[in-house]
Amino acid sequence: MADSLALALQLITQADAQLLGIVALSLRVSLSACAVGALAGLALGAWLAVARFPGHQLLVWAVNTLLALPSVVVGLLVYLLLSRSGPLGSWGILFTPTAMVIAQSILVVPLIAALSRRLVADALAQGGDQLRSLGAGPLTAALLMLLHERLAVLTVLLTAFGRAVAEVGAVMIVGGNIAGVTRVMTTAIALETSKGDLPLALALGIVLLGVVGVIHGVIALLPMRDRGLREALA
Amino acid sequence: MNAPLPVSLAPAADAAAAAEPLVSLHGAAVHFGRTTALAGVDLTLRRGQRLALIGSNGSGKTTLLRLLHGLLPPSRGQRTLHRLAAEGRPPRMAMLFQRPFLMQLSVQRNLRLGLWLAGVPAAERAARSDEALHRVGLHDQAQRPAAALSGGQQQRLALARAWALRPDILFLDEPTASLDPAAKHEVESLVETLGRDGVTVVMSTHNLGQAKRLATHVAYLEAGRLVVQAPTDAFFGSTLPPAAAHFLRGENPWL
C-alpha cells in the first residue's frame, strides 16, 4: 500500500503523460458539460422563477426531484438515445467524448436549474417590484437577477462541475472507457482498481480529490450574501 | 362588500379637482389569499398633485401605491390609466421603495440599466445618467459599487434613477423611514424639487410633518379602506372622522 502511494505520488510529480491525458480529458468533458448545462440550466431556472402556468408546480417538483438523478440512469437514457438502434443512432457519437458531454450536461441541468430558480425567486422577492417599476418584463427581471447574484451563480456552477467531474456511471456507459479516447479520471480509477494497478488509480484519486477540494475552497472564499445557500452547498 | 364612502373635506376649495386625471381607481379591492389588503377604494390622482398616504402599519398604503403604479392588478374594481392630454401618451411612472433595491453594479451602471429598461435610446443614456447623478450630488461616486454607499446615498441614487426616467408620476413608499435626519432632509428636498418641476407625487409616510410640508393632498387609510381624502390644509385643519383624529393624536400627540 505504501509502495503504491509512493508510486502514485511519483506519477503526479513526474507529470506522467497517461495521467495528464486522462485528467485533461476529464476536465475538458466536465467543463464543456457545465458550459452547456449553465446555458440551459440558468435559462430554465430563471424562467421557472417567473413563469406561471398550469403544471408549473409539477415542473418545479420534477426539476427538484431530478437533483438526485442517478448518473447511471442518465447514462442508460443517453445510451438508448445514441445507440445504433436509438433515435439519434445516426449521429454515430456513442463512445465519444461528445456523448459524455451530453450525458453530463443532462446530469447537471436540473442541479443548475433548481438552485438558480431558488436564487432568482429570492432575489425577485427583494427587488422584483423595483425592476418591474423600471420597465423590466418578468423574464428580463429574472435574468437580471442572475447578474445581480453572479457570485451565487458561480457557486452553483462550481457545484455542478464538482458533480460532473466526480460522477462515474454516465461516462462509463456512454463513453465506454476507451484508453486515450474516452477514459476519464473516474472510469480510469474504477478500471485500474479492478485490474490491481493501484498506483495510477491512487494518483487519479488524489488529483480528483484535489480538483473537488479546490472547488469547495473557492466556494468557501466567495463573498456570498446568501449564507443559507453556501451552507447548503458546503 | 359595501365600503363606506371616504370623507372628502372642502372639495370646493380643491383647485386640483379640475386638473387632468392621471390614474383613477373605482371600487378597487386587492386580496392576498383570504386577506383583504384594500377594499372599495375610489381615488383619482390628478396632474400636479402631491398626495401623501397616511395610516398605521398594515393599513394598505404600500398596496395602494403598487395598485396605482400598476405593479399589482385589482382583485375587484377598476384601475384606469389616463393618457396625458398635451403629450397624447400614457404617463411615465417611477417608484422609490422604502429599501432601495440596487443591482450589484456601480452607481453609474445602476442608472444606465434603469434607463435601458425604460427604453431610453443608448445615445441619451450617458448624458441623462450624468445629469441625474449631479442632481443628487453623487457624480463623484459614479464608479463606486452601489452597495458601498451609505443608506442615505443609496436612497439618493434610487431617487436619481427614478428622476432620470423623467417620470410624470413618482411613487414613494416611506422613502425616508430608515434614514438619519440629514439624509431625510436631503431626500425631502429632492422630492420637493421634483414636485415643483411638475412631477405628480404619491408618497406613503408615517411622518405627519413630512406630509404637511410636502403634500398638497392627504389620504388616510385604515384597515384597507380609504377613510378620508382632502387637501392638506383642510385635512390638518378640520374636524376629522374619529378614526383619523385618533390616528393623528396617537402618531403626533402635540397636534
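Structure shown above.
Residues numbered from 1 in each chain as written. Chains lettered and ligands numbered in written order. Predicted model: local features only at pLDDT ≥ 70, side-chain atom pairs only at ≥ 80, totals over all residues.

1. Re unusual backbone geometry
Thought 1: With a phi angle near 65°, phenylalanine 95 of chain A is a residue other than glycine that sits in the positive phi range.
Thought 2: Inspection of the secondary structure puts phenylalanine 95 of chain A in the loop between α4 (71-82) and α5 (97-134).
Thought 3: Despite not being glycine, arginine 166 of chain B has its phi angle at roughly 50°, a positive value.
Thought 4: Of note, arginine 166 of chain B is situated in the loop between α4 (151-164) and β7 (169-173). (Helix = DSSP H or I, 4+ residues; strand = E, 2+ residues; numbered from the N terminus.)

2. Description of the environment of alanine 51 of chain A
Thought 1: Inspection of the secondary structure puts alanine 51 of chain A in the loop between α2 (17-50) and α3 (56-65).
Thought 2: Considering only alpha carbons, one finds alanine 51 of chain A and glutamine 126 of chain A, 75 residues apart in sequence, at a separation of 18 Å.

3. Things to note about the pairing of strand β9 (residues 217-222) of chain B
Residues and elements named next belong to chain B.
Thought 1: For β9, a buried count of five out of six residues is recorded, marking the element as mostly surrounded by other parts of the structure.
Thought 2: Note: strand β4 (residues 50-54) against β9, four bridges, orientation parallel. Residue pairing in the sheet places isoleucine 54 in a bridge with tyrosine 220 of β9.
Thought 3: The hairpin formed by β9 and strand β10 (residues 225-231) contains two residues between the paired strands, and alanine 223 there has a positive phi angle of roughly 50°. (Buried ≥ 20, exposed ≤ 12 C-beta atoms within 10 Å, placed from the backbone. Pairing = 2+ DSSP bridges.)

4. A short note on the pairing of strand β2 (residues 21-32) of chain B
Residues and elements named next belong to chain B.
Thought 1: Pairing of β2 with strand β3 (residues 35-46), which is carried by eight bridges, proceeds in the antiparallel orientation. Of the residues in β3, the one forming a bridge with histidine 31 is threonine 36.
Thought 2: Connecting β2 to the next strand, β3, in antiparallel fashion are two residues, including glycine 33 with a positive phi near 65°.
Thought 3: As paired elements, β2 and strand β5 (residues 76-81) share five bridges and run antiparallel to each other. Residue leucine 25 lies in a different strand from β5, and its bridge partner there is arginine 79.

5. A look at the interface of chain B and chain A
Thought 1: With 13 residues of chain B in contact, the opposing surface of chain A contributes 10 residues.
Thought 2: Those elements that provide at least two residues to the side of chain B that touches chain A are α1 (61-69), β6 (93-96) and α2 (107-117) of chain B.
Thought 3: Class assignment for the residues of the side of chain B that touches chain A results in eight nonpolar, four polar and one charged. (Contact = placed C-beta atoms within 7 Å. Nonpolar A, V, L, I, M, F, W, Y, C, P; charged D, E, K, R; others polar.)

6. Quick notes on the sheet that holds β2 of chain B
To summarise the sheet geometry, strands pair through backbone hydrogen bonds and adopt either a parallel or an antiparallel arrangement.
Residue and element names in this part refer to chain B.
Thought 1: With antiparallel pairing, three strands are arranged side by side in an open sheet as β3-β2-β5. Here the strands that pair on one side only, and so sit at the sheet edges, are β3 and β5. Across the sheet, the axes of successive neighbouring strands diverge by a mean angle of 15°, strand direction being ignored.
Thought 2: Against the sheet, α1 engages β2, β3 and β5, with an angle of about 55° to β3. (Axes fitted to C-alpha atoms, helices over the stretch in contact; angles between N-to-C directions.)

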